[in-house]
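# Chain and residue survey
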Amino acid sequence: MIVLFTTRVKSLYPKFTMAERKVADYLIMNGDEIEDVTSHELARRLDVGQSTVMRFSKKMGYSMFGEMIADIKSSGDLSTEIQNGDGLFTVMSKVEVKYHELLKSVTRSNREEDLGSAANLVDAADTIICYGCMESGLLASHLCWSLVGLGKSAFCDADIIQTKRRLRMLDSTKDLVIVVSKSGDKSEPVGVAKAAVAEGIPVLAICDASDNPLSRLATSSLRVIEIADRSTPMTSMGVDAGVMLMIDTLVASVYQQDRKKYAAAYRGGIVAAFSERRE
């Protein structure tokens, strides 16, 4: 079975119920020989409720049970585990495969209506605060400057106290808070989301596809894939790329709302000023 699926299962394992762990264990052990099994049939084999099987596939980031089975069947032998004797080109090839599969998982975890909802929130907002903690702070900063490039009034503070002060100045009828958190359960980003909700300000979350405190607080969510295993530098490679995919997709989706308006803003902005080729 594809290593990414197994790693994803292990990452989410603490969040599964005992019945869901039976489903996880079965798929890990038998994924290579999985057939066109239905959710009803799998539930019967494992002596669990069909709702358990469906809930498991949702937690794994799939919109439908059939998508998960098709993904497992089509994965083939795509192991990305880097061995001691691997040459550097082999290492690069395995990292490439892992990136490809993780980005594909992120794409499959998001629906067009979710992208539309997120783009509408950003398009309608006058002022936008972007927040992320630690590594996610760098991603939030990238999102902020991408929105500035579109002509939006966007701000990003690394300090959580300053962020909360700034969001108290927002207008709940026309402003927005975007919180980037790969796991969706860290106290700082969840705290920012709670503060925004208390002020009546809409929250757009970019966070893990599994059920988590941040996604439950958010007005709208874009889903990424977090891999909690940090035992080696290789285990979580590609996670940030998945977040970047969703950030760039969000910016492109906002641009699609009014291409003429945003094209004019982009050409007249600081990004164009520094990148314009002059004869």
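None of the values given here were measured: they were computed from a predicted structure.

About the cut-offs
- Residues numbered from 1 in each chain as written.
- Predicted model: local features only at pLDDT ≥ 70, side-chain atom pairs only at ≥ 80, totals over all residues.
- Heavy atoms only, no water.
- Core = buried A, V, L, I, M, F, W, Y, C linked by side-chain atoms within 4.5 Å.
- Buried < 20%, exposed > 50% of the residue type's maximum accessible area, 1.4 Å probe, protein only.
- Helix = DSSP H or I, 4+ residues; strand = E, 2+ residues; numbered from the N terminus.
- Contact = heavy atoms within 4.5 Å.
- Axes fitted to C-alpha atoms, helices over the stretch in contact; angles between N-to-C directions.
- Nonpolar A, V, L, I, M, F, W, Y, C, P; charged D, E, K, R; others polar.
- Parallel < 35°, antiparallel > 145°, perpendicular 65-115°, else oblique.
- Left-handed = near helix turned anticlockwise from the far one by under 90°.
- Salt bridge = Lys/Arg side-chain N within 4 Å of Asp/Glu carboxyl O.
- pLDDT = per-residue confidence, 0-100.
- Expected span 1.5 Å × (residues − 1).
- Arc of directions from axis to C-beta.
- Pairing = 2+ DSSP bridges.
- Right-handed = clockwise from strand over helix to strand, strands pointing away.

Formed by 33 residues in total, the largest nonpolar core has its most connected members in Val 122, Ile 128, Leu 143, Leu 147, Ile 178 and Ile 206. Top contributing element to this core by residue count: helix 12 (residues 239-257), with seven residues. With sequence-adjacent residues up to four places away left out, Val 122 is seen in contact with Ile 128, Leu 147, Lys 152, Leu 176, Ile 178, Leu 204, Leu 250 and Val 254. The next biggest cluster of nonpolar side chains, apart from the first, holds 22 residues, and it includes Ile 34, Val 37, Tyr 62 and Phe 65.

Turning to unusual backbone geometry, a few remarks are in order. A positive phi is found at Asp 47, a non-glycine position, where the angle reads about 60 degrees. Looking at the secondary structure, you find Asp 47 in the loop between helix 3 (39-46) and helix 4 (50-59). Phi angles above zero are rare outside glycine, and Met 134 is one such case at about 60 degrees. Along the chain, Met 134 falls in the loop between strand 1 (127-132) and helix 8 (135-149).

Attention now moves to the packing of helix 12 against helix 13 (residues 259-267). It is the contact of helix 12 with helix 13, at a shortest axis distance of 5 Å, that shows an interaxial angle of 115 degrees. Counting all contacts with helix 12, which are made through Val 254, Tyr 255, Gln 256 and Gln 257, the residues of helix 13 involved are Arg 259, Tyr 262 and Ala 263. Looking at side-chain class alone, the contact of helix 12 with helix 13 contains four nonpolar, two polar and one charged residues.

One can describe the packing of helix 6 (residues 88-109) onto helix 12 by two numbers: an axis separation of 9 Å at closest approach and a directional angle of 40 degrees. Taken as axis vectors, helix 6 and helix 12 run oblique relative to one another. Handedness of the helix 6/helix 12 crossing: right-handed. Residues Tyr 99, Leu 102, Leu 103, Val 106 and Thr 107 of helix 6 lie in contact with helix 12, whose contacting residues are Val 239, Ala 241, Gly 242, Leu 245 and Met 246. When grouped by side-chain class, the residues that make up the contact of helix 6 with helix 12 number eight nonpolar, two polar and no charged.

Once that is clear, we can look at the pattern of salt bridges. All chains considered together, the criterion is met by 14 salt bridges. Measuring nitrogen to oxygen at the nearest pair gives 2.8 Å for the salt bridge that ties Arg 44 to Glu 41. With Arg 44 and Glu 41 both in helix 3 and three residues apart, the pair spans about one turn of that helix. On the accessibility criterion, Glu 41 (24% relative accessible area) is partly exposed.

Glancing now at the confidence of the model for the protein chain. Averaged over all residues, the pLDDT of the protein chain equals 85, while 90% of them reach at least 70. Mean pLDDT across the elements of the protein chain bottoms out in helix 14 (residues 270-275) (50) and peaks in strand 3 (residues 176-181) (97).

This brings us to helix 7 (residues 112-124). In this model, helix 7 (13 residues) spans 18 Å end to end at C-alpha, consistent with the 18 Å of a helix rising 1.5 Å per residue. Among the residues of helix 7, Asp 114, Ala 118, Ala 119 and Val 122 are the ones counted as buried. Projected onto a plane normal to the axis of helix 7, the buried residues spread over an arc of 130 degrees and lie on a single side. For helix 7, the exposed residues lying more than 90 degrees away from the buried face are Glu 112 and Ala 124.

A few words on the pairing of strand 4 (residues 203-208). Across the six residues that make up strand 4, a large majority, six, are buried. Bridging between strand 3 and strand 4 involves five bridges; their strand directions are parallel. Its bridge partner lying in strand 4, Ile 178 is registered against Leu 204. Taking the sense of rotation as the criterion, the β-α-β connection linking strand 3, helix 10 (residues 187-198) and strand 4 turns out right-handed. As paired elements, strand 4 and strand 5 (residues 220-224) share five bridges and run parallel to each other. Pairing of Ile 206 across the sheet is with Leu 222, part of strand 5.

Locating His 142 in the fold gives a position in helix 8. A relative accessible area of 30% places His 142 in the partly exposed class.

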